[in-house]
Amino acid sequence: MTVLTKNFRDIELRIAKLNLPQGDWATEARTDALKRLRSVGMPERRDEYWRFTRPDVFNQSGTPPATVSAMEKEIVFSQVDALQIVFDDGIFNAKESDTLALEYVSIDRLAESSSDTHWAKSLYGQLETNGQKPVPRPLGSLNTAFATDGILVLVKGSAPKPINIIYNQKEETSDVTLHHVVRLEAGAELTILESGPAAARLNNVIEVDVADGAVFHHIRTQNNTKDNHVATHIFARLGNASTFKSFTLTINGKLTRNECLIEITGDDAVAHVAGACVGDGNFHQDDTVFITHDAKGCESRQVFKKVLRNGAVGVFQGKILVKAGAQKTDGYQISQSLLLDGDSQFLAKPELEIYADDVICSHGSTSGAIDEDALFYLRSRGISEYEATNLLTLAFLAEAMDEIEDEDLREMLTRQLEGWLERHRG
Amino acid sequence: MDSIVENVVVKDGVDQETVDAVREVGGAYKHGWSTDIEMEYAPKGLSPDIVKLISEKNEEPDWMLDWRLAAYERWLQKKEPEWAMVDYPKIDFQDQYYYARPKSMETKPKSLDEVDPKLLATYEKLGIPLKEQLILAGVDGAEELTGAPRKVAVDAVFDSVSVGTTFRDELLKAGVIFCSISEAIKDYPDLVKKYLGSVVPVSDNYYATLNSAVFSDGSFVYIPPGVRCPMELSTYFRINAENTGQFERTLIIADKGSYVSYLEGCTAPQRDIAQLHAAVVEIIIEEDAEVKYSTVQNWYPGDENGKGGIYNFVTKRADCRGDRAKVMWTQVETGSAVTWKYPSCILRGNETQGEFYSIAIANNMQQADTGTKMVHLGKNTKSRIVSKGISAGQAQNTYRGLVSMHPRAKDSRNYTQCDSLLIGDKCGAHTVPYIEVKNNSSRVEHEATTSKVDDDQLFYCRSRGMDEEEAVALVVNGFCKDVLQALPMEFAMEAQQLVAISLEGSVG
Amino acid sequence: MLTINNLHVKLEEEDKPILKGVNLTVEAGKVHAIMGPNGSGKSTLSYVLSGKDGYEVTDGTVNLNGQDVFGMEPEERSSAGMFLAFQYPVEIPGVGNMTFLRTAVNAQRKSRGEEEMSAAEFLKIVRLRAKELKIDADMLKRPVNVGFSGGEKKRNEILQMAMLEPKICILDETDSGLDVDAMKLVADGVNSLRNSNRGFLVITHYQRLLDHIKPDYVHIMADGQIVKTGGPDLALEVENNGYKDLLAGVA
């Protein structure tokens, strides 16, 4: 007789108040996901991949409250000509959303597609399943099983404009589980933008299947209030000569865990994952990235920069796995943190696991305070210490921000950073 | 070692002489022979009785036996660690001998003259004659190289017992204690009681706990305040008996302002059945003292199909207790079927320094999971890690390390460079560093690269007449240069040749 | 304009005095050169004047146009008209040279209660000044000093000097690492900035820079003090006989 360990007791606690949606094409995938979850248990601190981040808040049944911002929220991507989709506390807001129609693109909602068959059936929960090895991602399985909504996007050509998903938090204790599925057929192109705090506690999954020659861009800002708890997963599969680029800017939030699991299955594909975060005080931000090279001649880049202050904690766990036969792999990974004061922390585990010889893989990781020589140089030219610190902070983040290809989008996010620096004068 | 060319000068990186030396050495694992000698074994398996027996054989006081028995109880409750990237058949801890000593060692020889000639011949053959000669044997040119006669004191451990220790009297004159740990327990109980288990606690990890229960011998070093040890100290470990585990324990104490350089070598016969080696090394470094610890680990690696070889589970840790204490670990890991080893530095005092230089070569079916921990506790502490991993054949080679900057370790620095080289498409090279920074006045820099042997370099060498294997040896030696330079002269020479031998059969 | 009075300085970390009573006055419109052997305290003087951390002033005062310099932050000194051309200009990856210059110019204007310079006006002036110093557009776009050659870095320092229009310019070993042509270019840049309102303090080890930037006074510094003062001839004396003879003469 085995005694249930904490991981397994937590599951029943966590799902006690949840209902497994029934009766549509996704039911089987949801049931399987619950089985997967029950086989691995909820995450625990002693799990290797949770050693730097406490998962407790994602395991408990109740949602710790997060203040709803009283300020009129500035919509980051409001200037962008995009198809707008709005979720308030995870509930689709039809009034503020555009008609779900775009040339070359078909868009459905998970909650609205109750038929027996759907193109997404072969993907929903499938990429998440692939992402469970070698390390379990229980929060991903939890999401597949219980997601209440999300969008299902099938792209057959070059989308004329981006899809802009806007999340609003309305209730102090909202607990939201959303699951998006995106499939880009051969040669298709799409950009997805995401912004806003979705809920007091959010569990968000995006599964992205990028077929041969297709191009997917993803730009996300997580502008949370100071109490939000967020766990996101991107599960992506890349075909021949395809491109996947994802960038995330995290501002505020009590706990943010962004996992990105990419499986490169086609030759000559490109995968870039990047992120910048700025945190002050009670802020814990964790980027966990796992890129599997299972094809020849592919390139992957991971670029993460963190600016931390007042006891804020930044975590980076990044891995490049090059399977046997994945020759000519070019893998690069950099994670750096700028600690603006003595209370902040940076915890990192940048890993390489390589089973092919004709590869060039490298990673670098640094942590330190602001460069005193540079600071003095700027000040000796009449720039105030505050302004000089901001300049150097933005310069530090620049390598990550440069991963955003679109100049206008990069500019918008840089303004977000400047705003944060302005609001958090040292 | 007679094949070494005389008057070899170790230049930066590698040179033609190295290649010549490598060419002459030839042959695969060359310490695979065994000594036919009458042995006395404890019964197979592990139990409180075996622990008592080992203690009894070493004529230990009660406190030592109690310590061992407590460790044994702890061990029973512990689980074998599984996190390392090594895969080996489950070890049957009851199917091992935990104590084996040559019959002739039943009464401890009073001097080296009384030691069984067969044992002396064994070490002679390994290039470590147990004579009080000026220089470490096997390096005929060493005197010329260093410009001064160099003495190296040797403690020779054969299976479970220390056979003899050279230069003891001369060292004692300088105040330096150098003897086997079994003697130290009897002769210097206060020192042993004070320091044993103070760096690697009994319950530190599965193998350290096992070692604490059953260690049979090893070396003990005490350098008194202000003393610069007049010669290099070394311990040579030889596993000879079959089915026997070697559990050695080394304790080095460098008191205030002292200095010692310590060398360690290890070999074992070629046998079809894997053997266990679980050692613990503890180093205590007080204020302003400095210890250099160099290892050339050349245990039998098993054959090309992975049969036999030593399972090497080692816990080595240095505690820089006093301010400005310094430690430098240098290791060349070429042997063993499985290596699990993380020589670590606790930088407790202010302005302490830790360095770790490592070459780990895994060929054929070898698996190595090795690295270091740099734990910065004191202010203004510095650490440096240079790790060079080479994988060939179907081997798996992992660097695993931790750099930790505690909140009060203000103004500290770490630099880590960790490079992997792959030879052939069946092997693996992995890097698993943990970085934990908890203050902002410290700077941590970590860099790692993985690549294959550069084709252009190989072609260049071959166009100058080297065959492929020589060219690889040359290029790999160049790749390892930063670490080879950190080794004491005698070891650097041996290491360069080992690099070449270890890679034999890796090309083509 | 700049008055240094009995300046004593030691390293903060160790108890090691470096400047042991420096007295010097630089008047508007004049060029003062300080020469001296390595380790005499020349560079320390420049750092202490501009406010770098790590030095402790144990005695003495420095006065810039009536203001106590030691009561000011580095940026306040800069806004008050002090400019140090660094011996080793710092590389700042990620900060564009233009952004840097514009931020500096406007920060100083703001602190003086002046209007910020418009982007167009700024661009016009930068381009003009850059052209004079043979600094091409590419150098202006690149991050501050990153990947610049030794000569480019020094020209960039002079460009900043030209843009910020300081009252007192301190040149710390500006000639180090420059070939003859680069030195001439830099010296021409400096000479074009000479006027009756601006003072210069040129710190150098060799006389050769002073062939191009003609000083009004030459001071010899040794062991933390100015041990000899003279006209331009003094520099030639150093060139011909070295410091050794000169210092022996002083002692």
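Residues numbered from 1 in each chain as written. Chains lettered and ligands numbered in written order. Predicted model: local features only at pLDDT ≥ 70, side-chain atom pairs only at ≥ 80, totals over all residues. Heavy atoms only, no water.

Further remarks concern the arrangement of the chains. Ranked by contact count, the leading pair among the two pairs of chains in contact consists of chains A and B. For the non-touching pair chain B and chain C, the nearest C-alpha separation works out to 13 Å. (Contact = heavy atoms within 4.5 Å.)

Residue and element names in this part refer to chain C. The mixed open sheet is built from six strands, whose spatial order is S6-S9-S10-S3-S11-S12. Looking along the sheet, the strands with just one partner apiece sit at the ends: strand S6 (82-85) and strand S12 (225-230). Pairwise comparison of adjacent strand axes, ignoring direction, gives a mean angle of 20° for this sheet. In this structure, strand S9 (residues 168-172) lies alongside strand S10 (residues 199-204), joined through five bridges in parallel fashion. (Pairing = 2+ DSSP bridges. Helix = DSSP H or I, 4+ residues; strand = E, 2+ residues; numbered from the N terminus. Axes fitted to C-alpha atoms, helices over the stretch in contact; angles between N-to-C directions.)

Each partner contributes residues to the interface: chain A has 34 residues there, and chain B has 30 residues. Between chain A and chain B the total buried area reaches about 2600 Å² when both faces are included, carbon and sulfur atoms providing 50% of it. Here chain A and chain B share one salt bridge between them. For the salt bridge of Asp358 of chain A with Lys452 of chain B, the shortest nitrogen-to-oxygen distance reads 3.9 Å. (Buried area = accessible area lost by both parts, 1.4 Å probe. Salt bridge = Lys/Arg side-chain N within 4 Å of Asp/Glu carboxyl O.)

Before going further, it helps to examine the packing of aromatic side chains. Any aromatic ring pair is given by two values, namely how distant the centres are and how the planes are angled relative to each other. What the rule picks out here adds up to 29 aromatic pairs over all chains. A ring pair is formed by Phe87 of chain A and Phe92 of chain A, whose centres lie 6.0 Å apart and whose planes are at 65°; its orientation type is edge-to-face. Both residues of the pair, Phe87 of chain A and Phe92 of chain A, belong to the buried class. Members of the aromatic cluster, joined through ring pairs, are Tyr72, Trp75, Trp83, Tyr88, Phe93, Tyr206, Tyr207, Tyr311, Phe313, Trp340 and Tyr342 of chain B. Taking the ring centre of Tyr49 of chain A as reference, the NZ or CZ of Arg137 of chain A above it sits at 5.5 Å. Over the ring of Tyr377 of chain A we find Arg381 of chain A, and its NZ or CZ is 5.0 Å from the ring centre. (Phe/Tyr/Trp six-rings, centres within 6.5 Å; stacked < 30°, edge-to-face > 60°. Buried < 20%, exposed > 50% of the residue type's maximum accessible area, 1.4 Å probe, protein only. Lys NZ or Arg CZ within 6 Å of the ring centre and 35° of its normal.)

Residue and element names in this part refer to chain C. Taken in spatial order, the four strands make up an open sheet running S2-S1-S4-S5, and their pairing is antiparallel. Edge positions in the open sheet fall to strand S2 (17-26) and strand S5 (67-68), since each of these has one partner strand only. Looking at chain direction, strand S4 (residues 55-64) and S5 are connected through two bridges and run antiparallel. Bridge assignment links Leu64 to a residue of S5, and that residue is Gln67. Sheet strands touched by helix H1 (residues 42-50): strand S1 (2-11), S2 and S4. Its angle to S1, the strand with the most contacts, is close to 110°.

Our next topic: the interface of chain A and chain C. The interface is formed by 18 residues belonging to chain A together with 33 residues belonging to chain C. When the buried surface of chain A facing chain C is broken down by residue, Phe376, Tyr377 and Arg381 of chain A rank first, second and third, together holding 41% of it. Connecting chain A to chain C are four salt bridges. Across the pair Glu75 of chain C and Arg379 of chain A runs a salt bridge whose closest N-O atoms are separated by 2.5 Å. Going through the elements one at a time, helix H6 (372-379) and helix H7 (385-401) of chain A are the ones with two or more residues in the side of chain A that touches chain C. Among the residues forming the side of chain A that touches chain C, the class breakdown is nine nonpolar, three polar and six charged. (Nonpolar A, V, L, I, M, F, W, Y, C, P; charged D, E, K, R; others polar.)

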